[in-house]
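Single-letter residue listing:
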Amino acid sequence: MKKRIQEQADDQDPENSKPRQMRADGQRKMSSILDAAMEVFAKSGVDAPVREIAERAGVGLGTVYRHFPRRSDLIVAVFRTQMDACADAAPDFASKYEPGEALARWMQRYMDFVATKRGLAAALHSGDPAYSALPGYFDKRLRPALQTLLEAAVAAGLVRPGIAADDLLRAVATLCHGPHGEEAVYARRMVALLVDGLRYGASTRIDESPAPGTGRNRKAPAQ
């Protein structure tokens, strides 16, 4: 009886392993497609031929369309994957470096993300409803990642308080627009300067009060 049970189990093992092997193989192919698409989009824009992506990924054209029936599906997947990778880098840096260094490294990592996003900009600002959920996903993943690092650096007295995570995210995005052909080098240098600026006056909160003469309740000048 035990022998029959063992024989049945042995017979089932190959069959049971096939779905797992197929899932693992499919995941590897999907990862290859996403990596290839990110590189192609960053270089040639989102209108680059899908065949170019397939060739770079080492898969057939049909495999790309099987995983991503529409181009917008691929663009969304690339964008979400890059956001996830950038967000997940925050706790990794926090576990390996002191708070100030963790923040500085993540800011550079975010700069890399913005650089890859440039190839996707045309699609993201096209008004296509296929991309409507991406801004919310950005807020959900990246803002908390930076906020956690920023708060830790402030608590350690390494960065001045009173700085909004949103302001830093926008500042880095703006700094990524450098001289043509020198964007990456320029952005990396400017982000490093930005981080140095955060350290200045680490024990002093930024004064957010209106400048003299700009208050909302200012008296009107005498006639």
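Refer to the structure above for everything that follows.
It should be emphasised that the depicted structure is a prediction, and the values quoted were computed from it without experimental measurement.

With respect to the packing of aromatic side chains
What the rule picks out here adds up to five aromatic pairs. Measuring from ring centre to ring centre gives 5.5 Å for tryptophan 106 and tyrosine 110, while their planes differ by 5°; the resulting arrangement is stacked. Here tyrosine 110 and tryptophan 106 lie together in helix 5 (residues 99–117), a separation of four residues that amounts to about one turn. Cluster of aromatic residues (ring-pair linked, three or more members): Phe79, Trp106, Tyr110, Phe113 and Phe138. In this arrangement the basic side chain of arginine 80 is found over the ring face of tyrosine 137, its NZ or CZ atom lying 3.9 Å from the centre. Above the plane of the ring of tyrosine 97 lies arginine 105, whose end atom (NZ or CZ) is 4.1 Å from the centre.

Overview of the nonpolar core
Most often, soluble globular proteins have nonpolar side chains that are buried together. Counting 62 residues, the largest nonpolar core has Phe41, Leu74, Leu103, Trp106, Tyr110, Phe113 and Leu142 as the members making the most contacts within it. Elements with a contribution of two residues or more to this core: helix 1 (2–44), helix 2 (50–57), helix 4 (71–96), helix 5, helix 7 (134–155), helix 8 (165–175) and helix 9 (183–199). Ranked by the residues each element gives to this core, the list is headed by helix 4, at 12 residues. When neighbours within four sequence positions are excluded, leucine 142 is seen to be in contact with Met83, Cys86, Ala87, Trp106, Tyr110 and Phe113.

Regarding the pattern of salt bridges
On inspection of all chains with the given rule, the structure shows 13 salt bridges. We note a salt bridge from aspartate 166 to arginine 143, for which the minimum N-O separation is 2.4 Å. Here arginine 143 lies in helix 7 and aspartate 166 lies in helix 8, a separation of 23 residues in the sequence. Residue classification places aspartate 166 among the partly exposed positions, given a relative accessible area of 25%. Arginine 199 is paired through a salt bridge with aspartate 196; the nearest N and O atoms lie 2.9 Å apart. Of the two residues, arginine 199 and aspartate 196 are both situated in helix 9; the distance of three residues between them amounts to about one turn of the helix. A residue is classified by how much of its surface remains accessible, and arginine 199, at 34% relative accessible area, is partly exposed. Look at the salt bridges and you will find they share partners, linking Asp25, Arg28 and Lys29 into a network.

Rules used in this analysis
- Residues numbered from 1 in each chain as written.
- Predicted model: local features only at pLDDT ≥ 70, side-chain atom pairs only at ≥ 80, totals over all residues.
- Heavy atoms only, no water.
- Phe/Tyr/Trp six-rings, centres within 6.5 Å; stacked < 30°, edge-to-face > 60°.
- Helix = DSSP H or I, 4+ residues; strand = E, 2+ residues; numbered from the N terminus.
- Lys NZ or Arg CZ within 6 Å of the ring centre and 35° of its normal.
- Core = buried A, V, L, I, M, F, W, Y, C linked by side-chain atoms within 4.5 Å.
- Buried < 20%, exposed > 50% of the residue type's maximum accessible area, 1.4 Å probe, protein only.
- Contact = heavy atoms within 4.5 Å.
- Salt bridge = Lys/Arg side-chain N within 4 Å of Asp/Glu carboxyl O.

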